[in-house]
Amino acid sequence: MMDTQPLYDLAPLVQLMLLGIVIALGPLAWVGWRNRGAARGRRLQALTVLTLFLTFDLVLFGAFTRLTDSGLGCPDWPGCYGSASPVGARAEIAAAQDAMPTGPVTHGKAWVEMIHRYLATGVGVLIIVLTVATWVQWGQAQRGTGAAPAVSPWWPTFTLVWVCLQGAFGALTVTMKLFPAIVTLHLIGGLVLLALLCVQAVRHTQAVRGVPPAELAVPLRRGVAIAGVLVALQIVLGGWVSTNYAVLACTTFPTCQGSWWPVMDFAQGFELWRPLGLLQDGSHISFAGLTAIHYAHRLMAYAVLLALAWLAWRLSRADALRVQARWLAGLALLQLATGLSNVVLGWPLLAAVLHTGGAAALVVVLTWTASSSRHALAPHGSFAPSRAPRVSA
(Lines give C-alpha, C1' and ligand atoms only; values in the text may rest on other atoms or scores of the structure.)
Protein backbone atom coordinates (compact mmCIF):
# COMPACT_ATOMS: atom_id res chain seq x y z
CA MET A 1 0.00 0.00 0.00
CA MET A 2 2.74 2.44 0.95
CA ASP A 3 4.75 1.64 -2.18
CA THR A 4 1.93 2.63 -4.56
CA GLN A 5 0.85 5.75 -2.68
CA PRO A 6 2.05 9.00 -4.34
CA LEU A 7 4.41 10.95 -2.10
CA TYR A 8 2.63 14.23 -2.87
CA ASP A 9 -1.13 14.48 -3.20
CA LEU A 10 -2.37 18.09 -3.14
CA ALA A 11 -6.08 17.17 -3.31
CA PRO A 12 -6.74 17.97 0.39
CA LEU A 13 -4.62 21.15 0.42
CA VAL A 14 -7.53 23.61 0.41
CA GLN A 15 -9.33 21.71 3.17
CA LEU A 16 -6.17 21.72 5.29
CA MET A 17 -5.70 25.45 4.76
CA LEU A 18 -9.29 26.11 5.83
CA LEU A 19 -8.79 23.91 8.88
CA GLY A 20 -5.69 25.92 9.77
CA ILE A 21 -7.75 29.10 9.63
CA VAL A 22 -10.37 27.56 11.90
CA ILE A 23 -7.69 26.47 14.39
CA ALA A 24 -6.15 29.95 14.37
CA LEU A 25 -9.53 31.63 15.03
CA GLY A 26 -9.47 30.38 18.62
CA PRO A 27 -6.20 32.12 19.63
CA LEU A 28 -7.13 35.20 17.61
CA ALA A 29 -10.51 35.47 19.33
CA TRP A 30 -8.89 34.99 22.74
CA VAL A 31 -6.34 37.75 22.12
CA GLY A 32 -9.03 40.06 20.78
CA TRP A 33 -11.36 39.45 23.74
CA ARG A 34 -8.70 39.73 26.42
CA ASN A 35 -7.24 42.92 24.90
CA ARG A 36 -10.48 44.56 23.80
CA GLY A 37 -10.09 48.30 23.93
CA ALA A 38 -6.29 48.07 24.16
CA ALA A 39 -3.93 49.90 21.84
CA ARG A 40 -2.89 48.20 18.61
CA GLY A 41 0.66 47.74 19.93
CA ARG A 42 -0.63 45.87 22.98
CA ARG A 43 -2.77 43.55 20.84
CA LEU A 44 0.17 42.87 18.55
CA GLN A 45 2.36 42.11 21.56
CA ALA A 46 -0.20 39.70 22.98
CA LEU A 47 -0.62 37.90 19.65
CA THR A 48 3.16 37.56 19.25
CA VAL A 49 3.58 36.09 22.73
CA LEU A 50 0.70 33.67 22.21
CA THR A 51 2.11 32.60 18.83
CA LEU A 52 5.46 31.99 20.52
CA PHE A 53 3.75 29.85 23.16
CA LEU A 54 1.83 27.82 20.57
CA THR A 55 4.95 27.35 18.47
CA PHE A 56 6.72 25.97 21.54
CA ASP A 57 3.83 23.54 21.96
CA LEU A 58 4.17 22.61 18.30
CA VAL A 59 7.87 21.81 18.78
CA LEU A 60 6.96 19.58 21.72
CA PHE A 61 4.28 17.79 19.72
CA GLY A 62 6.75 17.40 16.87
CA ALA A 63 9.11 15.67 19.30
CA PHE A 64 6.25 13.43 20.42
CA THR A 65 5.48 12.63 16.78
CA ARG A 66 9.10 11.67 16.10
CA LEU A 67 9.60 9.72 19.32
CA THR A 68 6.43 7.66 18.85
CA ASP A 69 7.60 6.75 15.32
CA SER A 70 4.58 8.54 13.87
CA GLY A 71 6.52 10.58 11.32
CA LEU A 72 5.35 8.25 8.53
CA GLY A 73 1.90 7.67 10.01
CA CYS A 74 0.62 9.09 6.73
CA PRO A 75 3.00 8.20 3.89
CA ASP A 76 2.05 11.16 1.67
CA TRP A 77 1.88 14.93 2.07
CA PRO A 78 0.06 17.15 2.93
CA GLY A 79 -2.86 14.87 3.73
CA CYS A 80 -3.27 11.22 4.55
CA TYR A 81 -3.70 8.95 1.53
CA GLY A 82 -5.08 11.96 -0.31
CA SER A 83 -7.61 12.80 2.43
CA ALA A 84 -7.68 15.73 4.82
CA SER A 85 -7.89 13.41 7.84
CA PRO A 86 -7.34 9.77 8.77
CA VAL A 87 -11.14 9.36 8.78
CA GLY A 88 -11.19 9.54 5.00
CA ALA A 89 -8.28 7.11 4.79
CA ARG A 90 -9.61 4.40 7.09
CA ALA A 91 -9.45 1.66 4.48
CA GLU A 92 -5.91 2.45 3.35
CA ILE A 93 -4.62 2.76 6.91
CA ALA A 94 -6.31 -0.48 7.93
CA ALA A 95 -4.75 -2.32 4.98
CA ALA A 96 -1.29 -0.97 5.83
CA GLN A 97 -1.74 -1.83 9.50
CA ASP A 98 -2.91 -5.36 8.69
CA ALA A 99 0.15 -5.86 6.48
CA MET A 100 2.52 -4.50 9.16
CA PRO A 101 0.82 -4.29 12.61
CA THR A 102 3.89 -2.64 14.15
CA GLY A 103 4.85 -0.74 11.01
CA PRO A 104 4.98 2.99 10.39
CA VAL A 105 1.31 3.28 9.38
CA THR A 106 -1.35 2.61 12.02
CA HIS A 107 -4.54 4.43 12.94
CA GLY A 108 -2.94 5.92 16.05
CA LYS A 109 0.22 7.06 14.27
CA ALA A 110 -1.78 8.55 11.43
CA TRP A 111 -3.75 10.71 13.87
CA VAL A 112 -0.59 11.84 15.65
CA GLU A 113 1.02 12.81 12.35
CA MET A 114 -2.04 14.67 11.07
CA ILE A 115 -2.63 16.52 14.34
CA HIS A 116 0.95 17.74 14.09
CA ARG A 117 0.23 19.01 10.57
CA TYR A 118 -3.01 20.67 11.72
CA LEU A 119 -1.23 22.50 14.53
CA ALA A 120 1.57 23.57 12.18
CA THR A 121 -0.98 24.98 9.74
CA GLY A 122 -2.67 26.91 12.54
CA VAL A 123 0.64 28.42 13.65
CA GLY A 124 1.35 29.37 10.05
CA VAL A 125 -1.96 31.26 9.86
CA LEU A 126 -1.13 33.14 13.07
CA ILE A 127 2.22 34.19 11.63
CA ILE A 128 0.47 35.41 8.47
CA VAL A 129 -1.82 37.52 10.67
CA LEU A 130 1.20 38.88 12.58
CA THR A 131 2.88 39.82 9.33
CA VAL A 132 -0.18 41.57 7.89
CA ALA A 133 -0.95 43.38 11.16
CA THR A 134 2.62 44.65 11.50
CA TRP A 135 2.70 45.94 7.93
CA VAL A 136 -0.68 47.64 8.45
CA GLN A 137 0.58 49.36 11.59
CA TRP A 138 3.80 50.35 9.83
CA GLY A 139 1.78 51.80 6.94
CA GLN A 140 -0.34 53.85 9.33
CA ALA A 141 2.81 55.18 10.97
CA GLN A 142 4.18 56.16 7.57
CA ARG A 143 0.99 58.09 6.87
CA GLY A 144 1.11 59.74 10.30
CA THR A 145 -2.13 58.14 11.49
CA GLY A 146 -0.69 55.84 14.14
CA ALA A 147 2.32 54.76 16.15
CA ALA A 148 5.06 52.71 14.52
CA PRO A 149 5.28 49.01 15.46
CA ALA A 150 7.94 48.00 17.96
CA VAL A 151 9.61 45.76 15.38
CA SER A 152 10.29 46.25 11.71
CA PRO A 153 7.64 44.52 9.57
CA TRP A 154 10.50 42.64 7.95
CA TRP A 155 10.86 40.59 11.15
CA PRO A 156 7.47 38.86 10.87
CA THR A 157 7.91 38.74 7.08
CA PHE A 158 11.13 36.77 7.43
CA THR A 159 9.42 34.64 10.08
CA LEU A 160 6.67 33.86 7.57
CA VAL A 161 9.24 32.88 4.95
CA TRP A 162 10.96 30.70 7.54
CA VAL A 163 7.75 28.90 8.54
CA CYS A 164 7.12 28.17 4.86
CA LEU A 165 10.59 26.61 4.67
CA GLN A 166 9.66 24.60 7.76
CA GLY A 167 6.63 23.31 5.95
CA ALA A 168 8.83 22.25 3.05
CA PHE A 169 11.16 20.38 5.38
CA GLY A 170 8.13 18.78 7.02
CA ALA A 171 7.09 17.50 3.61
CA LEU A 172 10.60 16.22 2.90
CA THR A 173 10.65 14.46 6.26
CA VAL A 174 7.79 12.31 5.02
CA THR A 175 8.69 11.95 1.36
CA MET A 176 12.36 11.16 2.06
CA LYS A 177 11.39 8.54 4.66
CA LEU A 178 12.88 10.16 7.79
CA PHE A 179 16.23 11.01 6.19
CA PRO A 180 18.29 11.90 9.31
CA ALA A 181 19.74 15.13 7.91
CA ILE A 182 16.29 16.36 6.85
CA VAL A 183 14.66 15.47 10.18
CA THR A 184 17.49 17.18 12.07
CA LEU A 185 17.17 20.30 9.92
CA HIS A 186 13.41 20.27 10.53
CA LEU A 187 14.05 20.24 14.30
CA ILE A 188 16.62 23.03 14.01
CA GLY A 189 14.23 25.07 11.88
CA GLY A 190 11.56 24.82 14.57
CA LEU A 191 13.97 26.16 17.18
CA VAL A 192 15.05 29.01 14.89
CA LEU A 193 11.37 29.86 14.51
CA LEU A 194 11.09 30.06 18.30
CA ALA A 195 14.06 32.42 18.44
CA LEU A 196 12.59 34.69 15.73
CA LEU A 197 9.27 34.94 17.55
CA CYS A 198 10.98 35.45 20.91
CA VAL A 199 12.94 38.47 19.64
CA GLN A 200 9.71 40.05 18.43
CA ALA A 201 7.85 39.22 21.64
CA VAL A 202 10.55 40.84 23.78
CA ARG A 203 10.70 43.99 21.67
CA HIS A 204 6.93 44.36 21.66
CA THR A 205 6.87 43.90 25.43
CA GLN A 206 9.63 46.46 25.96
CA ALA A 207 7.67 48.97 23.88
CA VAL A 208 4.35 48.29 25.63
CA ARG A 209 5.87 48.59 29.10
CA GLY A 210 8.35 51.30 28.29
CA VAL A 211 11.24 49.23 29.63
CA PRO A 212 14.69 49.74 28.08
CA PRO A 213 17.09 46.82 27.61
CA ALA A 214 19.27 45.98 30.60
CA GLU A 215 22.88 47.04 30.22
CA LEU A 216 25.50 44.31 30.44
CA ALA A 217 29.25 44.56 30.42
CA VAL A 218 30.78 43.54 27.09
CA PRO A 219 32.40 40.34 28.47
CA LEU A 220 29.07 39.14 29.86
CA ARG A 221 27.26 39.92 26.62
CA ARG A 222 29.88 37.83 24.87
CA GLY A 223 29.27 35.12 27.45
CA VAL A 224 25.58 35.07 26.49
CA ALA A 225 26.56 34.73 22.83
CA ILE A 226 29.07 31.95 23.53
CA ALA A 227 26.53 30.04 25.62
CA GLY A 228 24.04 30.42 22.78
CA VAL A 229 26.50 29.00 20.26
CA LEU A 230 27.34 26.05 22.54
CA VAL A 231 23.66 25.29 23.12
CA ALA A 232 23.01 25.50 19.37
CA LEU A 233 25.81 23.03 18.64
CA GLN A 234 24.55 20.71 21.35
CA ILE A 235 21.02 20.84 19.95
CA VAL A 236 22.34 19.89 16.51
CA LEU A 237 24.21 16.95 18.06
CA GLY A 238 21.15 15.98 20.09
CA GLY A 239 18.97 16.08 17.00
CA TRP A 240 21.50 13.87 15.22
CA VAL A 241 21.39 11.40 18.12
CA SER A 242 17.60 11.28 18.10
CA THR A 243 17.11 11.07 14.34
CA ASN A 244 19.66 8.25 14.10
CA TYR A 245 18.15 6.42 17.09
CA ALA A 246 21.55 6.41 18.80
CA VAL A 247 20.31 7.17 22.32
CA LEU A 248 20.73 3.57 23.50
CA ALA A 249 24.21 3.13 22.04
CA CYS A 250 25.36 3.92 25.58
CA THR A 251 23.19 2.68 28.43
CA THR A 252 25.47 3.52 31.37
CA PHE A 253 26.80 6.72 32.89
CA PRO A 254 29.39 8.19 33.24
CA THR A 255 31.12 5.46 31.23
CA CYS A 256 29.80 4.03 27.97
CA GLN A 257 29.84 0.28 27.40
CA GLY A 258 32.11 0.00 30.44
CA SER A 259 34.74 2.35 29.00
CA TRP A 260 35.60 6.03 29.20
CA TRP A 261 36.44 5.92 25.49
CA PRO A 262 34.40 3.16 23.80
CA VAL A 263 34.98 1.88 20.29
CA MET A 264 33.69 4.59 17.94
CA ASP A 265 33.61 5.26 14.21
CA PHE A 266 33.20 9.01 13.72
CA ALA A 267 33.48 8.75 9.94
CA GLN A 268 30.36 6.58 9.81
CA GLY A 269 28.53 8.40 12.58
CA PHE A 270 28.91 11.80 10.96
CA GLU A 271 28.38 10.83 7.34
CA LEU A 272 25.63 13.38 6.97
CA TRP A 273 23.80 12.70 3.72
CA ARG A 274 22.50 9.14 3.91
CA PRO A 275 19.23 7.25 4.51
CA LEU A 276 18.13 6.26 8.00
CA GLY A 277 20.23 3.38 9.32
CA LEU A 278 22.34 3.15 6.19
CA LEU A 279 25.55 4.59 4.78
CA GLN A 280 25.93 6.14 1.36
CA ASP A 281 27.15 2.83 -0.09
CA GLY A 282 23.97 1.11 1.07
CA SER A 283 25.54 -0.81 3.96
CA HIS A 284 24.19 -0.56 7.48
CA ILE A 285 25.75 1.91 9.89
CA SER A 286 27.80 0.08 12.51
CA PHE A 287 27.22 0.13 16.25
CA ALA A 288 30.55 1.95 16.56
CA GLY A 289 29.11 4.67 14.33
CA LEU A 290 26.05 5.02 16.55
CA THR A 291 28.28 5.10 19.61
CA ALA A 292 30.28 7.96 18.11
CA ILE A 293 27.07 9.94 17.59
CA HIS A 294 25.93 9.36 21.16
CA TYR A 295 29.27 10.03 22.81
CA ALA A 296 29.93 13.26 20.90
CA HIS A 297 26.64 14.59 22.27
CA ARG A 298 27.54 13.48 25.79
CA LEU A 299 31.00 15.08 25.73
CA MET A 300 29.56 18.34 24.43
CA ALA A 301 26.99 18.28 27.24
CA TYR A 302 29.74 18.77 29.84
CA ALA A 303 30.90 22.00 28.20
CA VAL A 304 27.33 23.26 27.79
CA LEU A 305 26.40 22.59 31.43
CA LEU A 306 29.51 24.43 32.64
CA ALA A 307 28.75 27.40 30.38
CA LEU A 308 25.13 27.57 31.53
CA ALA A 309 26.12 27.30 35.19
CA TRP A 310 28.61 30.16 34.79
CA LEU A 311 26.12 32.31 32.88
CA ALA A 312 23.31 31.70 35.39
CA TRP A 313 25.65 32.64 38.24
CA ARG A 314 26.78 35.87 36.55
CA LEU A 315 23.27 36.91 35.54
CA SER A 316 21.93 36.21 39.04
CA ARG A 317 24.09 39.04 40.35
CA ALA A 318 21.90 41.58 38.55
CA ASP A 319 18.26 42.26 39.36
CA ALA A 320 17.53 43.08 35.73
CA LEU A 321 18.13 39.53 34.48
CA ARG A 322 17.67 37.47 37.61
CA VAL A 323 14.56 35.77 36.23
CA GLN A 324 16.49 34.58 33.19
CA ALA A 325 19.28 33.35 35.44
CA ARG A 326 16.85 31.18 37.40
CA TRP A 327 15.37 29.81 34.19
CA LEU A 328 18.81 28.94 32.83
CA ALA A 329 19.79 27.15 36.04
CA GLY A 330 16.53 25.22 36.21
CA LEU A 331 16.64 24.21 32.55
CA ALA A 332 20.25 23.08 32.82
CA LEU A 333 19.23 20.77 35.69
CA LEU A 334 16.22 19.55 33.69
CA GLN A 335 18.44 18.72 30.72
CA LEU A 336 20.88 16.86 32.96
CA ALA A 337 18.08 14.85 34.61
CA THR A 338 16.24 13.98 31.40
CA GLY A 339 19.46 13.22 29.53
CA LEU A 340 20.52 10.77 32.23
CA SER A 341 17.02 9.28 32.29
CA ASN A 342 17.16 8.65 28.55
CA VAL A 343 20.38 6.68 29.01
CA VAL A 344 19.84 4.68 32.21
CA LEU A 345 16.06 4.17 31.94
CA GLY A 346 16.01 3.02 28.33
CA TRP A 347 14.80 6.19 26.58
CA PRO A 348 11.37 6.67 28.27
CA LEU A 349 8.98 8.75 26.18
CA LEU A 350 8.29 11.38 28.86
CA ALA A 351 11.98 12.04 29.49
CA ALA A 352 12.71 12.17 25.75
CA VAL A 353 9.95 14.71 25.07
CA LEU A 354 11.00 16.80 28.08
CA HIS A 355 14.61 16.71 26.87
CA THR A 356 13.56 18.25 23.55
CA GLY A 357 11.32 20.69 25.39
CA GLY A 358 14.19 21.71 27.65
CA ALA A 359 16.38 22.39 24.62
CA ALA A 360 13.63 24.50 23.06
CA ALA A 361 13.16 26.40 26.32
CA LEU A 362 16.91 27.10 26.49
CA VAL A 363 16.75 28.62 23.01
CA VAL A 364 13.87 30.85 24.13
CA VAL A 365 15.52 31.93 27.40
CA LEU A 366 18.88 32.65 25.80
CA THR A 367 17.16 34.64 23.04
CA TRP A 368 15.11 36.42 25.72
CA THR A 369 18.31 37.26 27.59
CA ALA A 370 20.10 38.57 24.51
CA SER A 371 17.08 40.58 23.33
CA SER A 372 16.50 42.06 26.80
CA SER A 373 20.03 43.41 27.13
CA ARG A 374 22.59 45.56 25.38
CA HIS A 375 26.21 46.59 25.84
CA ALA A 376 26.67 48.79 28.90
CA LEU A 377 27.04 52.45 28.05
CA ALA A 378 28.95 53.22 31.22
CA PRO A 379 32.65 52.36 30.83
CA HIS A 380 32.99 50.58 34.16
CA GLY A 381 29.44 49.44 34.89
CA SER A 382 28.32 45.90 34.41
CA PHE A 383 24.63 46.49 34.92
CA ALA A 384 22.12 49.30 34.80
CA PRO A 385 19.12 49.36 37.15
CA SER A 386 16.64 48.86 34.31
CA ARG A 387 14.65 45.63 34.46
CA ALA A 388 14.17 43.22 31.60
CA PRO A 389 10.51 42.64 30.73
CA ARG A 390 8.57 39.49 31.41
CA VAL A 391 6.63 38.68 28.28
CA SER A 392 2.96 37.88 28.71
CA ALA A 393 -0.14 37.71 26.61
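The structure contained in this document is the topic of the report that follows. (Residues numbered from 1 in each chain as written. Predicted model: local features only at pLDDT ≥ 70, side-chain atom pairs only at ≥ 80, totals over all residues. Heavy atoms only, no water.)

## Remarks on the packing of aromatic side chains
Aromatic rings in a pair are described by how distant their centres are and how their planes are angled relative to each other. Tallied over the full model, the rule gives 10 aromatic pairs. Here Phe 266 and Phe 270 contribute two aromatic rings whose centre-to-centre distance is 6.3 Å and whose plane-to-plane angle is 10°, an arrangement assigned as stacked. Taken together, the aromatic side chains of Trp 261, Phe 266, Phe 270 and Tyr 295 make up a single cluster linked through ring pairs. Directly above the aromatic system of Trp 33 lies the positively charged group of Arg 36, at a separation of 4.6 Å from the ring centroid. (Phe/Tyr/Trp six-rings, centres within 6.5 Å; stacked < 30°, edge-to-face > 60°. Lys NZ or Arg CZ within 6 Å of the ring centre and 35° of its normal.)

## Thoughts on unusual backbone geometry
Residues Trp 77 and Pro 78 are joined by a peptide bond in cis, for which omega reads 10°. Here Pro 78 shows up in strand β2 (residues 77–78). Cis geometry marks the peptide bond from Phe 253 to Pro 254, where omega comes out at 5°. Residue position: Pro 254 is located in the loop between α7 (218–243) and α8 (266–269). Positive phi, normally seen in glycine, also occurs at Tyr 81, with a value near 55°. In this fold, Tyr 81 is placed in the loop between β2 and α3 (90–99). The buried category is assigned to Tyr 81, whose relative accessible area is 7%. Positioned with a positive phi, Tyr 245 is a non-glycine residue whose angle comes to about 55°. Inspection of the secondary structure puts Tyr 245 in the loop between α7 and α8. (Helix = DSSP H or I, 4+ residues; strand = E, 2+ residues; numbered from the N terminus. Buried < 20%, exposed > 50% of the residue type's maximum accessible area, 1.4 Å probe, protein only.)

## Let's talk about the packing of α7 against helix α9 (residues 287–315)
Direction vectors running N to C along α7 and α9 enclose 155°, while the axes themselves pass 9 Å from each other. The pairing of α7 with α9 is recorded here as roughly antiparallel in orientation. The element α7 and its partner α9 pack so that their crossing is left-handed. Residue composition of the contact of α7 with α9, by class: 20 nonpolar, five polar and one charged. (Axes fitted to C-alpha atoms, helices over the stretch in contact; angles between N-to-C directions. Parallel < 35°, antiparallel > 145°, perpendicular 65-115°, else oblique. Left-handed = near helix turned anticlockwise from the far one by under 90°. Nonpolar A, V, L, I, M, F, W, Y, C, P; charged D, E, K, R; others polar.)

## Considerations on helix α4 (residues 107–142)
Here α4 spans 53 Å end to end across 36 residues, near enough to the 52 Å set by a 1.5 Å rise per residue. A positive phi of about 80° marks Gly 144, the residue just after α4. (Expected span 1.5 Å × (residues − 1).)

## So, the layout of surface pockets
Computed from the structure, the largest pocket encloses a volume of approximately 1,100 Å³. Together, 45 residues line the largest pocket, and Ala 120, Gln 166, Gly 167, Gly 170 and His 186 are the ones closest to its centre. Elements supplying a minimum of two residues to the lining of the largest pocket: α1 (13–34), α2 (40–67), β2, α4, α5 (154–175), α6 (180–209) and α7. Residue contributions to the lining of the largest pocket peak at 10 residues, all from α5. Residues of the lining of the largest pocket, tallied by class, amount to 25 nonpolar, 16 polar and four charged. Volume-wise, the second largest pocket comes out at about 680 Å³. Lining the second largest pocket are 34 residues, with Gln 234, His 297, Gln 335, Gly 339 and His 355 sitting closest to its centre. When residues of the lining of the second largest pocket are traced back to their parent elements, those giving at least two are α2, α6, α7, α9, α10 (322–344) and α11 (349–371). With eight residues, the single largest contributor to the lining of the second largest pocket is α9. The class makeup of the residues in the lining of the second largest pocket is 21 nonpolar, 11 polar and two charged. (1 Å grid on protein atoms, 1.4 Å probe; cavity = no way out; pocket = protein on both sides within 12 Å on 5 of 7 lines; lining within 4 Å. Points joined across faces, edges and corners; volume = space filled by probe spheres on them.)

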